[in-house]
Amino acid sequence: MTGPMELAPDGLAPTDTAGLSAWAEIDLDAIADNVAALREHAGGTPVMAVVKGDAYGHGLAHSARAALARGASWLGVAQVAEALDLRAAGVTAPLLSWIHVPGTDLAPAVQADIDLSAGQPWALASMADAARATGRTVRVHLKVDTGLGRGGALGDGWTELLAAAGPLVAEGAIDIVGIWSHLAWADAPDHPTVRAQRERFVEAIAEAERAGIRPQVRHLANSAATLTDPQARFDLVRPGLAVYGLSPVPDLGAPQRFGLREAMRLLARFSSVKDAPAGQGVSYGHEYTTPAATRLGLVPIGYADGIPRAALNAGPVAVRGTRARIAGRVCMDQFVVDLGAAGLDAEPGEELVLFGRGADDEPTAQDWAEACGTINYEIVTRIGPRVPRVLVGTAGREDADG
Ligand SMILES: *Cc1c(COP(=O)(O)O)cnc(C)c1O
């Protein structure tokens, strides 16, 4: 292959959309600019861009490179396999992976310079095994559960975790690089748990210091806290959603209010457009019936691609700059739009927008979340591997940014 494909081996170039049924346009410059905006929100505190879940559906490696291009200095993922994928793609930035189970072989991660999180003594024991197997010191972030009630050492478990770490540090098997935690209610900045978790975090760090453990980085803030809580910054902030230009606090404002812009637009082409009479039942179970003679447009993307079935009769789309809605059930591979009901027509092969930036009446992922009773995180993250990612912008591409 020659030309743009070479520049973006993990995504298509924009000129390649002719003939595609549906695609997700990923704006690399938006990701990069969002990271720059987050650094400002964080008052210059270093940013760990969270790229788990295939970079919230945006595509792992190109999103990571775009985030690094405008100032992310760390990357964060959930699974060890995601971290190894980044290393295989040539990404060398500091990288933390926080989910594994007893029996996960951590040696490849240790060989690949991946930092690991431990919230339980068994995890430290697994890491010590990996250290002995590789002859290396494992870089560990100790996780304290400050009140989320999810991962990390809770209550006296923290004291036990510190006690388990001590001898392994002395042996040279592990190095405590970080202490970290995660917030339960950061999207409601005034919620009393936010302050209580921060205070517990400070206490837990002090206890570690009394035990002789002095980490390089302490980190607590997700996107919502990065945007709303200067006291949650510590040494590193850990935003995910906001990197992709979505608002983690929709009640407080749209992305633009925080200087962010949506990095994903989801588009498709009508595979058919046809006349239908009044009273025509549409899609499985006929949960929609045409109120008048109309034109039905068929859109070749469905729940196998991540379009929620909950979008029944509700999912918004934009056709020729005008809003229309899904008619009837979302199927595995397609759904229908009643064009006439929206005063519209379209040609087979014509583009429509499922979600994007809200410009020109384009719906947003937030609009889809509201239509489907879910959150914007889920709308973008569930877009599946059958949907090609088409890259626009240059941030992080090999030919750009030096
Ligand atoms: C997903 C995740 C983040 C990022 O959260 P956002 O709300 O997307 O910013 C940060 N830390 C941990 C532990 C996570 O699981």
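The model shown is predicted, which means the values in this text are computed figures rather than measured ones.

### Here's the deal with the overall build of the protein
Item 1. Helix and strand content of the protein: 12 helices and 18 strands.
Item 2. For a compact globule of 402 residues, the expected C-alpha radius of gyration is about 21 Å, and the protein comes in at 23 Å, within 12% of that figure.
Item 3. Each principal axis of the C-alpha distribution contributes one length, and for the protein these read about 80 × 50 × 40 Å.
Item 4. Buried residues in the protein amount to 54% of all 402 residues.
Item 5. Within the protein, counting contacts between residues at least 6 apart in sequence, those at least 24 apart form 67% of the total.
Item 6. As displayed, the protein offers around 16200 Å² of accessible surface, 51% of which is attributable to carbon and sulfur atoms.
Item 7. Distance from the positive charge centre (34 side chains) to the negative charge centre (48 side chains) of the protein: 2 Å.

### Structural notes on helix H8 (residues 156-171)
Three- or four-residue spacings in an α-helix give side chains the same orientation, since the helix completes a turn every 3.6 residues.
Item 1. Its 16 residues give H8 an end-to-end C-alpha distance of 24 Å, which sits within 8% of 22 Å, the value for a rise of 1.5 Å per residue.
Item 2. All of the buried residues in H8 are Gly-157, Trp-158, Leu-161, Leu-162, Ala-165 and Leu-168.
Item 3. Packing partners of the buried residues in H8 comprise strand S5 (115-118), helix H7 (121-134), strand S6 (138-143), strand S7 (174-180) and helix H9 (192-210).

### Description of the domain arrangement of the protein
Item 1. Taken domain by domain, the protein holds domain 1 (29-244) and domain 2 (264-392).
Item 2. On a C-alpha basis, the centres of domain 1 and domain 2 stand 38 Å from each other.
Item 3. Counting residues at the interface gives 9 residues for domain 1, matched by 9 residues for domain 2.
Item 4. Taking both partners together, domain 1 and domain 2 bury about 780 Å²; carbon and sulfur atoms supply 63% of that area.
Item 5. Joining domain 1 to domain 2, the criterion identifies 0 salt bridges.
Item 6. Of all elements in the fold, only helix H2 (28-41) and helix H3 (52-56) reach the threshold of two or more residues within the side of domain 1 that touches domain 2.

### Brief notes about the site of the ligand
Item 1. Of all residues adjacent to the ligand, which total 14 residues, the nearest are Lys-52, Tyr-56, Ser-223, Gly-240 and Tyr-377.
Item 2. Within the side chain of Arg-150, one N or O atom sits 3.4 Å away from an oxygen atom of the ligand.
Item 3. The side chain of Ser-223 places a nitrogen or oxygen atom 2.5 Å from an oxygen atom of the ligand.
Item 4. Out of a free accessible area of 390 Å², the ligand has 95% covered by protein chains.
Item 5. Here the residues of the shell around the ligand sort into 7 nonpolar, 4 polar and 3 charged.

### Notes on the pattern of salt bridges
Item 1. Summed over the entire model, instances satisfying the criterion amount to 22 salt bridges.
Item 2. Between Asp-27 and Arg-357 there is a salt bridge whose closest N-O contact spans 2.9 Å. With Asp-27 in strand S1 (residues 22-27) and Arg-357 in the loop between strand S17 (351-355) and helix H11 (365-372), this pair connects stretches of sequence that are 330 residues apart.
Item 3. Overall, the relative accessible area of 11% leaves Asp-27 in the buried class.
Item 4. In this structure, Asp-305 and Arg-386 form a salt bridge, with 2.8 Å as the shortest nitrogen-oxygen distance. Of this pair, Asp-305 sits in the loop between strand S13 (294-299) and strand S14 (316-319) while Arg-386 is found in the loop between helix H12 (376-381) and strand S18 (389-392), placing the two residues 81 residues apart along the sequence.
Item 5. Within this structure, Asp-27, Asp-33, Arg-70, Arg-261 and Arg-357 form a network of salt bridges that share partners.

### Looking at the state of the cysteines
Item 1. Under the criterion given, the structure shown has 0 disulfides.
Item 2. Unpaired in this structure, Cys-331 has its nearest cysteine sulfur neighbour in Cys-372, at a distance of 15 Å.
Item 3. The exposure class of Cys-331 is buried, given its relative accessible area of 14%.
Item 4. In this structure Cys-372 comes out as buried when scored by relative accessible area, which is 11%.

### Remarks on unusual backbone geometry
Item 1. Even without being a glycine, Asp-113 presents a positive backbone phi close to 60°.
Item 2. Mapping Asp-113 onto the fold places it in the loop between helix H6 (107-111) and S5.
Item 3. One non-glycine residue with positive phi stands out, namely Asn-313, at about 55°.
Item 4. Among the secondary structure elements, Asn-313 is positioned in the loop between S13 and S14.

### Details of the sheet that holds strand S2 (residues 47-50)
Item 1. Spatial strand order, S2-S3-S4-S5-S6-S7-S8: 7 strands in an open sheet with parallel pairing. Sheet topology places S2 and strand S8 (217-219) at the edges, where each strand pairs with a single neighbour. Between one strand and the next, the sheet's axes are offset by a mean angle of 30°, whatever the strand orientation.
Item 2. Across 3 bridges, S7 lies against S8 in parallel orientation. When the bridges of S8 are listed, Trp-180 appears paired with His-219.

### What to know about the packing of H8 against H9
Item 1. Direction vectors running N to C along H8 and H9 enclose 30°, while the axes themselves pass 10 Å from each other. On the basis of the axis angle, H8 is roughly parallel to H9. Here the hand of the crossing between H8 and H9 comes out right-handed. On H9, the residues that touch Trp-158, Thr-159 and Leu-162 of H8 are Arg-200, Ala-204, Glu-207 and Ala-208.

### So, the packing of aromatic side chains
Item 1. Per the stated rule, a full pass over the model turns up 4 aromatic pairs.
Item 2. Every member of this aromatic cluster is reached through a ring pair, and the members are Tyr-56, Tyr-244 and Tyr-377.
Item 3. Directly above the ring of Trp-180 sits Lys-143, whose terminal nitrogen or CZ lies 4.2 Å from the centroid.

About the thresholds
Residues numbered from 1 in each chain as written. Predicted model: local features only at pLDDT ≥ 70, side-chain atom pairs only at ≥ 80, totals over all residues. Heavy atoms only, no water. Helix = DSSP H or I, 4+ residues; strand = E, 2+ residues; numbered from the N terminus. Rg over C-alpha atoms; globule rule 2.2 N^0.38 Å. Buried < 20%, exposed > 50% of the residue type's maximum accessible area, 1.4 Å probe, protein only. Contact = heavy atoms within 4.5 Å. Areas by Shrake-Rupley, 256 points an atom, 1.4 Å probe, with all protein chains shown as cover. Lys, Arg positive; Asp, Glu negative; His and termini not counted. Charge placed at Lys NZ, Arg CZ, Asp CG, Glu CD. Expected span 1.5 Å × (residues − 1). Domains from an automatic or database assignment. Buried area = accessible area lost by both parts, 1.4 Å probe. Salt bridge = Lys/Arg side-chain N within 4 Å of Asp/Glu carboxyl O. Near = heavy atom within 4 Å. Polar contact = N/O pair within 3.5 Å; in protein donor to acceptor, adjacent residues only side chain to side chain. Nonpolar A, V, L, I, M, F, W, Y, C, P; charged D, E, K, R; others polar. Disulfide = S-S within 2.5 Å. Pairing = 2+ DSSP bridges. Axes fitted to C-alpha atoms, helices over the stretch in contact; angles between N-to-C directions. Parallel < 35°, antiparallel > 145°, perpendicular 65-115°, else oblique. Left-handed = near helix turned anticlockwise from the far one by under 90°. Phe/Tyr/Trp six-rings, centres within 6.5 Å; stacked < 30°, edge-to-face > 60°. Lys NZ or Arg CZ within 6 Å of the ring centre and 35° of its normal.

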